[in-house]
Amino acid sequence: MNLASKTVLQHRKKLSGYKLQEQRMGYLFILPFAVGFLIFQAAPAVFSFVLSLTNMHFMSNVSNLKFIGLQNFVELFHDGEVMRALGRSFLYSVIYVPVIVLFGLLLAALINSRIYARGAIRTALFMPYISNMVAIAIVWSVILDYRDGPINNILRSCGCKNPPMWLMGEHTVLPTIVLIAVWQGVGLYMVTYLAALQNVPRELYEAATLDGAGAFQKFRNITVPLISPTTFFLVITAIINSFQNFGIIQVLTQGGPGEASTTMAISVYKASFVQYRMGYATAQAMLLFVLILIFTMIQWKGQKRWVNYE
């Protein structure tokens, strides 16, 4: 072996050593996340699936625990209350997702247009997102009180003899809760959209103006395609958040009146901590998890058609 070949071989060994060292450092950096994921997410998910296949009762002894297979899943699909709760969850999501995404985009576009005191307005709109849910629920419960709430008092003074029941009405409670949830969370969507709008090149708007494009044409053909990755991210986030609606419903109505605001999240809570049927409640939670996973996968499959990463 000549000197040149030895030099090349030594150089390759050094490169392979560097690559091995980089790989080890990479594994070392992701190790804390991997350990945390396995302990706090993967392991509980596996345990929950196993628990959903049992008849575990919160108040019974472990000796009475039995493996019952898919019996819990068969029962929940024949349970009218659970199916109605699932339907309400879909209704909640159908209202929540487009409203919060579109409203967040509208607010971001208004603030991005250099309106007066936009910094203060942006802060005021973001404040509800970081506020305490219990405090928000108490305030809105007072505001929307059917008898003495300020909103209904204003409506009565304007001649409305029968103002909406809001949180007390069977047909108005779910849309009302959705609007409160949108009011609380729209600040995050606004800030995210605002960051995306500020990254759109101004040269494209100037060129479109020279070509005679109007405001709507520029928004449709420039803004919407360039912020589509942000829209994709926020739509998935909104879908997941819409099914995780336990906190706001539990604080405002506890699923009432009757079952009018009982969604799957509330149904899981009632099955576990009211009926003490932990196995049955876990089966409902697993069903909810699978539905969210399916919606997310559909979004990922469809992103190639409407998301522009260029």
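Residues numbered from 1 in each chain as written. Predicted model: local features only at pLDDT ≥ 70, side-chain atom pairs only at ≥ 80, totals over all residues. Heavy atoms only, no water.

J.: Just give me the short version of the overall build of the protein, but keep the residues and values in it.
T.: In terms of regular secondary structure, the protein is built from 13 helices and zero strands. Seen in sequence order, the protein has helices and strands lined up from the N terminus as α-α-α-α-α-α-α-α-α-α-α-α-α. Relative to the globule expectation of 19 Å for 310 residues, the C-alpha radius of gyration of the protein, 26 Å, shows a markedly less compact shape. Considered along the principal axes of its C-alpha atoms, the protein spans approximately 100 × 75 × 35 Å. Out of the 310 residues belonging to the protein, those deemed buried represent 35%. Within the protein, residue pairs in contact and separated by at least 24 positions form 67% of the contacts whose partners lie at least 6 positions apart. One way to put it: in the protein the 23 positive side-chain charges average out to a point 12 Å from where the 12 negative ones average out. (Helix = DSSP H or I, 4+ residues; strand = E, 2+ residues; numbered from the N terminus. Rg over C-alpha atoms; globule rule 2.2 N^0.38 Å. Buried < 20%, exposed > 50% of the residue type's maximum accessible area, 1.4 Å probe, protein only. Contact = heavy atoms within 4.5 Å. Lys, Arg positive; Asp, Glu negative; His and termini not counted. Charge placed at Lys NZ, Arg CZ, Asp CG, Glu CD.)

J.: Residues and numbers for the pattern of salt bridges, please.
T.: A side chain with one charge can pair with a side chain of the opposite charge if their charged atoms come near. Taken as a whole and judged by the stated rule, the model has three salt bridges. Taking the shortest distance from any N to any O, the salt bridge between Glu75 and Arg277 comes out at 3.0 Å. With a gap of 202 residues between them, Glu75 in helix H2 (residues 71-77) and Arg277 in the loop between helix H12 (264-273) and helix H13 (278-306) connect regions that are remote in the sequence. Residue Glu75 is classed as partly exposed on the basis of its relative accessible area of 29%. Relative accessible area serves as the criterion here: at 26%, Arg277 is assigned to the partly exposed category. (Salt bridge = Lys/Arg side-chain N within 4 Å of Asp/Glu carboxyl O.)

J.: Go over the domain arrangement of the protein, please, and point to the residues and values.
T.: The domain architecture assigned to the protein consists of domain 1 (3-52) and domain 2 (74-306). Averaged C-alpha coordinates put domain 1 and domain 2 at centres separated by 39 Å. With four residues of domain 1 at the interface, the matching set in domain 2 holds five residues. Each partner contributes to the roughly 350 Å² buried at the junction of domain 1 and domain 2, and carbon and sulfur atoms together form 80% of this total. Our count for the domain 1 to domain 2 interface comes out at zero salt bridges. Taken together, the residues that form the side of domain 1 that touches domain 2 break down as two nonpolar, two polar and no charged. (Domains from an automatic or database assignment. Buried area = accessible area lost by both parts, 1.4 Å probe. Nonpolar A, V, L, I, M, F, W, Y, C, P; charged D, E, K, R; others polar.)

J.: Run through the packing of helix H4 (residues 118-126) against helix H7 (residues 173-198), naming residues and quoting values.
T.: Contact pair H4 / H7: the axes reach a minimum separation of 8 Å and the direction vectors enclose 140°. It follows that H4 is oblique to H7 by the angle criterion. The two elements H4 and H7 meet at a crossing, and its hand is left-handed. Of the residues in H7, those in contact with Arg122, Leu125 and Phe126 of H4 are Gly187, Leu188, Met190, Val191 and Leu194. Residue composition of the contact of H4 with H7, by class: six nonpolar, one polar and one charged. (Axes fitted to C-alpha atoms, helices over the stretch in contact; angles between N-to-C directions. Parallel < 35°, antiparallel > 145°, perpendicular 65-115°, else oblique. Left-handed = near helix turned anticlockwise from the far one by under 90°.)

J.: So what about helix H10 (residues 228-243)? Which residues, and what values?
T.: Here H10 is 16 residues long and its end C-alpha atoms lie 23 Å apart, about the 22 Å a rise of 1.5 Å per residue gives. Counting buried positions along H10 yields 12 of 16 residues, so the element is predominantly enclosed. All buried positions along H10 are accounted for by Ser228, Thr230, Thr231, Phe232, Leu234, Val235, Ile236, Thr237, Ala238, Ile239, Ser242 and Phe243. The secondary structure elements touched by the buried residues of H10 are helix H3 (80-112), H7, helix H9 (215-226), H12 and H13. (Expected span 1.5 Å × (residues − 1).)

J.: Could you give me a rundown of the environment of Leu110, with the residues and numbers involved?
T.: For Leu110, the position within the fold is in helix H3. A residue is classified by how much of its surface remains accessible, and Leu110, at 43% relative accessible area, is partly exposed. When the C-alpha atoms of Leu110 and Thr230 are compared, they prove to be 17 Å apart, with 120 residues separating the residues in sequence.

J.: Any chance you could break down the packing of aromatic side chains for me, citing the residues and the numbers?
T.: The full count for this structure, using the stated rule, is 10 aromatic pairs. Measuring from centroid to centroid gives 5.9 Å for Tyr92 and Tyr96, while their planes differ by 20°, and the two rings are stacked. Highlighted residues: Tyr92 and Tyr96, both in helix H3, separated by four residues, approximately one helical turn. One exposure class covers both Tyr92 and Tyr96, and it is buried. With a centroid separation of 5.4 Å and an interplanar angle of 75°, the aromatic rings of Trp140 and Trp183 are classed as edge-to-face. With a gap of 43 residues between them, Trp140 in helix H5 (residues 133-143) and Trp183 in helix H7 connect regions that are remote in the sequence. (Phe/Tyr/Trp six-rings, centres within 6.5 Å; stacked < 30°, edge-to-face > 60°.)

J.: Residue-level account of unusual backbone geometry, with values.
T.: In the segment running from Gly256 into Pro257, the intervening peptide bond is cis, with an omega of -5°. With respect to the helices and strands, Pro257 occurs in the loop between helix H11 (246-252) and H12. Despite not being glycine, Gln254 has its phi angle at roughly 55°, a positive value. As for its position among the elements, Gln254 is in the loop between H11 and H12. A positive phi angle, near 60°, is found at Tyr276, a position not held by glycine. Counting through the fold element by element, Tyr276 comes out in the loop between H12 and H13.

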